[in-house]
Amino acid sequence: GSVTIWTGKAGHGKSTLSGLFALQAVEQGKTACVYSGELSKEEFQEWINLQCAGSEYIGLKADKDGNPIPCVPYPVQQRIIQYYDKKIFLFDNEEIFEDETEDKAILRLFKVAARQHGCKLFIVDNLMMALAESDEEFRDQKKFVNAMKKFARKFGVHVMIVAHPRKTKERHLCSSVRRR
C-alpha cells in the first residue's frame, strides 16, 4: 500500500532500474504491471530481455547503419519470455483511449491488472509522459500521485513512479535576493 518516487539525471539508469524491479518481483513470485511512456511494449520487452539474459547470452547484431548493438538470440528470448509470461504485464503506450486522458487510462488498466492478474508491483516510467502538457503541471502531478497512493492502499500494492526531470533553465537562487 505504498508509492515510491525516484528521479535522477538523464541516462543514469532509471528505466533500467524499473526493468530490474519488475524482474525481481517475478523472482519473488509476484506479478508486475509496467507503463513505459517512452518505449513501446515491444521495446520495453526487448530491454527486459537484455537485462534478464545476462552477458553470456547476449550477442550482437547490426542496426540500420551497420553499427553493432546488443541482442538476445531468438531461442534465449523465447525461454525468457516463457519465464515471465503472465507475470509481467506491459501497458501499451501507443494505445489511444478516446474518452480518457492517459493518466486515467493508466489507473484504469492498473486496476484491471490488480483485480484480474493479482499484480503487486506497478511501475510508471515516467511521470512526465503519463500526464498531458498543461499549464497546471505540478497540480496534475500531485493529483496523479494522490490517485496512485489511493490505488496502492486500496489494493495493497506498491507503485513505483519514475520522474524524469525536464530540462530547465539554470537559475541562480541569489539572483532574486536583493542585498541591503
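Residues numbered from 1 in each chain as written. Predicted model: local features only at pLDDT ≥ 70, side-chain atom pairs only at ≥ 80, totals over all residues. Heavy atoms only, no water.

Peer 1: Run through the overall build of the protein, naming residues and quoting values.
Peer 2: Scanning the protein from N- to C-terminus turns up six helices and seven strands. When the helices and strands of the protein are placed in sequence order, the string is β-α-β-α-β-β-α-β-α-β-α-α-β. Across the 180 residues of the protein, 36% fall into the buried class. Long-range contacts, defined here as pairs at least 24 residues apart, represent 71% of the contacts in the protein between residues at least 6 apart. (Helix = DSSP H or I, 4+ residues; strand = E, 2+ residues; numbered from the N terminus. Buried < 20%, exposed > 50% of the residue type's maximum accessible area, 1.4 Å probe, protein only. Contact = heavy atoms within 4.5 Å.)

Peer 1: Any chance you could break down the pattern of salt bridges for me, citing the residues and the numbers?
Peer 2: It is possible for side chains of opposite charge to pair when their charged atoms get near one another. Throughout the structure, instances matching the rule amount to two salt bridges. For Asp 85, the salt bridge goes to Lys 86, with nearest N and O atoms at 3.9 Å. Residue classification places Asp 85 among the partly exposed positions, given a relative accessible area of 44%. Residue Arg 139 pairs with Asp 140 through a salt bridge whose shortest N-O separation is 3.3 Å. According to the relative accessible area criterion, Arg 139 is partly exposed, its value standing at 42%. (Salt bridge = Lys/Arg side-chain N within 4 Å of Asp/Glu carboxyl O.)

Peer 1: Any details on helix H4 (residues 102-117)? Residues and values, ideally.
Peer 2: Helix length check: H4, at 16 residues, gives a terminal C-alpha distance of 21 Å against a target of 22 Å (1.5 Å per residue), a fit within 8%. By the burial criterion, the buried members of H4 are Asp 103, Ala 105, Ile 106, Leu 107, Phe 110, Ala 113 and Ala 114. Positive backbone phi, at 65 degrees, marks Gly 118, one or two positions downstream of H4. (Expected span 1.5 Å × (residues − 1).)

Peer 1: Would you mind going over the sheet that holds strand S2 (residues 32-36) in detail, with residue names and values included?
Peer 2: In spatial order, the strands read S1-S7-S6-S2-S5; together these five strands make up an open sheet with parallel pairing. Every interior strand has two partners, whereas the edge strands, strand S1 (2-7) and strand S5 (88-91), have only one. Taken over all neighbouring pairs, the strand axes of this sheet differ in orientation by 15 degrees on average, direction set aside. Sheet topology places S2 next to strand S6 (residues 121-125); five bridges connect them, and they run parallel. Its bridge partner being in S6, Val 34 is matched across the sheet by Ile 123. Across the face of the sheet, helix H2 (residues 41-53) comes into contact with S2 and S5 while running at roughly 145 degrees to S5. (Pairing = 2+ DSSP bridges. Axes fitted to C-alpha atoms, helices over the stretch in contact; angles between N-to-C directions.)

Peer 1: Describe unusual backbone geometry, naming the residues involved and giving the relevant values.
Peer 2: In the Ramachandran plot, Lys 86 falls in the positive-phi region, its phi being about 65 degrees despite a non-glycine side chain. Residue placement: Lys 86 occurs in the loop between helix H3 (74-84) and S5.

Peer 1: Report on the packing of H4 against helix H6 (residues 137-155), specifying residues and quantitative values.
Peer 2: The geometry of a pair of packed helices is captured by two quantities: the angle between their axes and the separation between those axes. In contact at an axis separation of 11 Å, H4 and H6 are set at 10 degrees when each is read in the N-to-C sense. Classed by the angle they form, the pair H4 and H6 counts as roughly parallel. In this structure, H4 uses Asp 103, Ile 106, Leu 107, Phe 110, Lys 111, Ala 114 and Arg 115 to contact H6, whose residues at the interface are Phe 144, Ala 147, Met 148, Phe 151, Lys 154 and Phe 155. A class-by-class count of the residues in the contact of H4 with H6 yields nine nonpolar, no polar and four charged. (Parallel < 35°, antiparallel > 145°, perpendicular 65-115°, else oblique. Nonpolar A, V, L, I, M, F, W, Y, C, P; charged D, E, K, R; others polar.)

Peer 1: Can you tell me about a nonpolar patch on the surface, naming the residues and giving the values?
Peer 2: Taken together, the side chains of Leu 17, Leu 20 and Phe 21 define a hydrophobic patch exposed on the protein surface, amounting to about 220 Å² of accessible area. The exposure class of Leu 20 is partly exposed, given its relative accessible area of 41%. (Patch = residues over 30% accessible without salt bridge, like charges linked within 9 Å, V, L, I, M, F, W, Y side chains within 5 Å. Areas by Shrake-Rupley, 256 points an atom, 1.4 Å probe, with all protein chains shown as cover.)

Peer 1: Now, about the environment of Pro 68: what can you tell me, with residues and values included?
Peer 2: With respect to the helices and strands, Pro 68 occurs in strand S4 (residues 68-71). Its relative accessible area of 58% is what places Pro 68 among the exposed residues. Discounting residues that sit within four places of it in the chain, Pro 68 has contacts with Leu 60, Lys 61 and Ala 62.

Peer 1: Tell me about the pairing of S4, residues and numbers included.
Peer 2: Strand direction decides the pairing type here: strand S3 (residues 59-62) and S4, joined by four bridges, are antiparallel. When the bridges of S4 are listed, Gly 59 appears paired with Cys 71. In sequence, S3 turns back onto S4 through a hairpin of five residues, with Gly 66 there showing a positive phi of about 85 degrees.

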